[in-house]
Structure formats: C-alpha cells, structure tokens
Amino acid sequence: MESSSPSAPRPAVEVYDTTLRDGSQREGISYTLDDKLRIADRLDAFGVSYIEGGWPGSNPKDMEFFERGRARGWKHAKLTAFGMTRRANSRAEDDKNLQALLLAETPACTVVGKTSVLHVTEVVRTTLEENLKMIEESVAFLRSKGREVIYDAEHFFDGYALNPAYALDTLRAAQRGGARVLVLCETNGGGLPWDIQAVVSKVAAELQHPLGIHAHDDTGCGVANSLAAVLGGARHVQGTINGFGERCGNANLSVIIPNLELKLGFQALPSGKLSEVAELSRFVADVANVTHDAHMAYVGRSAFAHKGGIHVAAMRRHADSYQHVAPETVGNVMRVVVSELSGRGSVLSKAEELGLKIGEGADLETLNEIKAAEARGLSFESAEASVALLMLRRAPGYTALFEVLDYEAQVGKRQGTEMYAEGIVKVRVGTQVFHTVADGNGPVSALDAALRKALAPMYPAVEHMRLADYKVRILDGTEGTSAITRVLIDSRGEQGDWSTVGASPNIIEASMHALVDSIEYGLVKAGVTHATGPASARAQASKPAAAARSGSSN
Ligand SMILES: [Zn+2]
C-alpha cells in the first residue's frame, strides 16, 4: 500500500461513469427516463467526475435525458454525450451523429473512433488516412462549438498489437483535434493486466498527453486491467457501477474506486464520499431491478461477513484480524453469520451487533434453538432479522408487538375473470383484535397486504416498510419426511434492509412466518415499542372489527 502523509494531496484519478450508456447494454436491464435521472442524481452526489448519459444520436429516450438533465444543477459531475466520429468522405458539420451530440448541449462530448487497421479497412472500409481525418475533424468540430472532448480509442489494445504505429497515429489525430483526454479502450475485454500496463506506459511515454482506460470484464480482469492502466499512467477511469455492461460487463467502479483510494493512494472522489459506495451500489442494482451481488468485493452484503467459529472468535479479540479494510470506509458493515456451524461467540457478537442485551446463558440457549431450527429446514445465515427476533423473544420483558391469531389465503379463477388472490388475517394488538381482508397478486402478497392493513392503525410505521424480495427454495425431503419449503423475505424500510426466514412443509405457513418476522423486526428496528397509532388512543375495549374489504392490490 502506497502511503502518503495525510496533509500531502493525493494524486487524482478522474472517474468517468458509463452506467447509463455502456452499462445499460447488459441483458435484462432497461432504464426508464426517470430511472436514468435518479441514477445520474446519485452519481453526481457521490462525486464522479463525468456521467455519460447516453447516445443522443441513437434513440429519443437518450436525447430526452439530456433535455431534462440540462435543467438540473450538477454539483460535481460533468454530463457527457456519446457518439461516433463522422462518416467517411463527408464533412463533420453535415454529420447527423455529431449534430445530435451538439443538440444534447452537454459541456463534454465523448467521441469514439477506430484504432485498428483491421476495423478501418474491413469494417468501415475506408482508407487509413481518411480514418485519421475522421477522428481529427470530428474532435476539432466539437471543440469549435465549445465542447470539451473525450476521445475513446476503440479496440485500442488489439489495434496496438496489430499495428502500434497506426494506433498511435489515431491518438495523435485526436490530440491535434483538441481532445482533452485520450481513452484507451479494451473493447473486446480480452486483455490481461501486465499487457495493459505495459502498453499504457509506452503510450504515455510516446504522447505526453492525459490518458484514460475503458475496460471490460471478459477475462475476469476488468478491475485489474483498469488498475494496471492507472499504474501505467492513466488518470481517467471509465466503468460502471456494479460492473453492469454487455457480455461479462464493464470494469466495476464499485470495486475500482475503493482500490484506487484505499490501496493505491489516489483520490478518485471528493473527500468523505468513499463511504457512500456500498449504498450507491445497492441503489443502482435496485433501480436496474437486478439482485445485488452479495459477494461483490467491498460493497457486497457478505463482503465483511464472518461465519467460521475461529474467525469470529479472533474478530472478537481484534476486529482487524480477519478483514483487509475497515468496512465503514466503504459504507459496509461487519456481520457475523449465525448458523448451526457457529459457536457461542457468534451469537454474542450478533447480539452486540444488533444492540441486544441477552441474559446469562441465553447465548447457549439461542444457539441450541438455532441448531434445532436449522435441522427443521430454516437457515439463518442470510436471515439476520429472524436471528435477532429469536434472541429478542427470549429477552426478559419483551412482549411481541402483535399476535396473528388466524389467517387464510384464497386463490382462484372464475369464469370470465382474472386470477384472484385474497388474504384474511385476524391479529391481536394489546387488547384489540383486527380482522382484515386484502387482495394481492398472489396469496403471499394478499396476506402481506391484509397484515399491514390490520397493523397500520396501531403501528403507522408499517407504511414505511415494503417487501423487496421473496425467495422460495424447496428442500428435499429425507427418509420419512416430506419436502420442506424455505421462504426468505428481504424487506426494506427507512432504517435499511433486513431479511427473515420461514420454513414449513406448507409454503403459505413458511411465508407467513417470514412475513410476521419481517414486520415485527421492522417495527423494532424503527424503535416502536408499543402501539402508537390513533386507534390506540381511542383505547377501545376488545371487539373484533368488521372485516373491511380492500379493493387495492399489492
Ligand atoms: Zn465499452
């Protein structure tokens, strides 16, 4: 690790985010205009240097993004629009694509051009000389209109391997045109770090001009190649949050940035912003509707999770004994994973992490309960909220905030109608009993809606929680037992995310256990200790409320 004195300024690396353009090429991702604006707002607040908003020449949605983006006051980032060099044998000022870049009215434009003789002669089918003019004139044209220009040298490393002199000539053409930074693109993603570093070093020595890197992950080295390029002299790194992108993805900024700042001593973000990277990573996954990779370096939920008994015991003595950086530096948290493999230390650590005081011997009792429950099919590894409730429910003086007395789910289809699902619950809160009905798009969402509806008058905090993910796993039955269904529910509220688990031979029962845990834990997490809603103030005597039919679906 390169260390520098705290007062000495660290060398800067520009972060160029292309989550909204190259990142949106990932299969299954389709951002709405509002999604793009929300992501751009967060990237700006996070402090990246550039946000590539899209390709205005390619589709109206991207052009609209720039129209809307123009009105926003960007704090850190410059918005850039992406496009190609002019067509062969034409004039830059007549080029539709370059015109679209101007219409985007961004302070910076990113122009991609050909580096490889193979692409020039076989794909574009023009002369090597004409390609150099296309690059220089396109860059110069945008410069003449007051735009800052970032030049992306497509297939740079492949082109350099084929004909290094010509590859350098294309960069010189962009340099003559007035490009501020020359970005060497590893377009096919096939390179390895030592080769990337060697080539970037040679180009840096040859051109004496600011260089950037744009890598993909096809060798699993997108992050490594980007860092190698920085070691070779690049000071501008392009990539995407979570490594979203075509094929195996783009270089992952969520990992590159912590490496640059924590391992290599560069400044990639404004001071204090690195601790927001984990949250940003989850946010972008959420908006993209992609499950966040729990095992992603630095930002994954499991990046600082410890399960083994020896690790946990050592961590209790010294927090740094089994982690390479402090999780808080990237906004993550150390977690102890409690499972049947755990020792008492894991339970004690979990209780401390959750801020619970547990009684003498309760750690052993909890551990035994966990082991017995896991034998029945539950798995607490990723259901920390259920572990917390297990401990909480044993804690002296704890009374459950509500009790589900009855529940019922119905699904069906009647002639001439759509499928319907209805959930009915009877819940006791203190001395009152609530009996509610709600519709849903399936039995579990109907029960969830009915439960929330029953609890909302007493616990308004349930309005701020929602189901984020619902996973079902069928565990094979062993001799003499039927298959067990395990349901894992991820929930989200103002206080963050939490996960709960339920298991039963019946999927509805398993779901209901996980749902009840989810809501009870959410209320505890929100600091609710007793009913606070207006209904509680009325202090009515116990009487079953009439079943209220809800027309809304959830
Ligand atoms: Zn790319």
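Below, the structure is looked at part by part. (Residues numbered from 1 in each chain as written. Predicted model: local features only at pLDDT ≥ 70, side-chain atom pairs only at ≥ 80, totals over all residues. Heavy atoms only, no water.)

A few words now on the overall build of the chain. Counting its secondary structure elements, the chain contains 18 helices and 16 strands. Each of the three principal axes of the chain carries a C-alpha extent, and together these read 85 × 65 × 50 Å. By residue count, 52% of the 554 residues in the chain fall in the buried class. Sequence separation of at least 24 residues holds for 68% of the intrachain contacts in the chain that already meet a minimum separation of 6. (Helix = DSSP H or I, 4+ residues; strand = E, 2+ residues; numbered from the N terminus. Buried < 20%, exposed > 50% of the residue type's maximum accessible area, 1.4 Å probe, protein only. Contact = heavy atoms within 4.5 Å.)

Each angle at a metal carrying four tetrahedral donors should ideally be 109.5 degrees, and each at a metal carrying six octahedral donors should ideally be 90 or 180 degrees. For the zinc ion, the protein coordination sphere consists of Asp22 (OD), His214 (NE2) and His216 (NE2), at 2.0 to 2.2 Å. Of note, the zinc ion draws all its donor residues from one chain, in the sequence arrangement D-x191-H-x1-H. Of this pair, Asp22 sits in the loop between β1 (14-17) and α1 (33-46) while His214 sits in strand β7 (residues 211-215); the two residues are 192 residues apart in sequence, bridging distant segments of the chain. On the basis of relative accessibility, which here comes to 7%, the residue Asp22 falls in the buried class. (Donors = N, O, S within 2.8 Å, 3.2 Å for Na, K, Ca; no water.)

So, on to the sheet that holds strand β14 (residues 466-475). Within the open sheet, the three strands sit side by side as β14-β15-β16. Their pairing is antiparallel. Of all the strands in the sheet, just β14 and β16 (496-504) have a single pairing partner and so form its edges. Direction aside, the axes of adjacent strands within the sheet are offset by 15° on average. Here strand β15 (residues 484-493) pairs with β16 via nine bridges, running antiparallel. When the bridges of β16 are listed, Thr485 appears paired with Ser504. (Pairing = 2+ DSSP bridges. Axes fitted to C-alpha atoms, helices over the stretch in contact; angles between N-to-C directions.)

Turning our attention to the pattern of salt bridges. This model, assessed by the stated rule, comprises 33 salt bridges. Residues Arg10 and Glu261 are paired through a salt bridge, measuring 3.9 Å at the closest nitrogen-oxygen approach. In this pair, Arg10 sits in the segment before β1 while Glu261 sits in helix α10 (residues 253-263), placing the two residues 251 residues apart along the sequence. A relative accessible area of 27% means that Arg10 is categorised as partly exposed. (Salt bridge = Lys/Arg side-chain N within 4 Å of Asp/Glu carboxyl O.)

What follows deals with helix α7 (residues 164-177). With 14 residues, α7 ought to run about 20 Å at 1.5 Å a step, and its terminal C-alpha atoms sit 20 Å apart, in line with that. Within the span of α7, buried status applies to Tyr166, Ala167, Leu168, Thr170, Leu171, Ala173, Ala174 and Gly177. Positive phi appears at Gly178, one or two residues downstream of α7, with a value of about 110°. (Expected span 1.5 Å × (residues − 1).)

What follows deals with the nonpolar core. Within the largest apolar cluster, 92 residues are counted, with the highest numbers of intra-cluster contacts made by Leu142, Tyr151, Phe156, Leu171, Val203 and Leu260. Ranked by the residues each element gives to this core, the list is headed by helix α11 (residues 277-288), at eight residues. Excluding residues that lie within four positions of it along the chain, Phe156 makes contacts with Thr115, Ala167, Leu171, Leu184, Cys185, Val199 and Val203. (Core = buried A, V, L, I, M, F, W, Y, C linked by side-chain atoms within 4.5 Å.)

For the rest of this paragraph, the subject is the environment of Gln432. In this structure, Gln432 sits in strand β13 (residues 432-440). Relative accessible area serves as the criterion here: at 8%, Gln432 is assigned to the buried category. Separated by 238 residues in the primary sequence, Gln432 and Trp194 have C-alpha atoms spaced 69 Å apart.

This next bit is on the sheet that holds strand β4 (residues 108-114). The strand order around the closed barrel built from eight strands is β1-β2-β3-β4-β5-β6-β7-β8, with neighbouring strands paired in parallel fashion. Averaged over neighbouring strand pairs, the angle between their axes works out to 25° when direction is ignored. Pairing analysis gives seven bridges linking β4 to strand β5 (residues 148-154), with the strands arranged parallel. Each bridged residue has a counterpart across the sheet, and for Val112 the counterpart in β5 is Asp152. Those strands touched by helix α3 (residues 96-103) are β3 (78-84) and β4, and its axis lies near 170° from that of β3.

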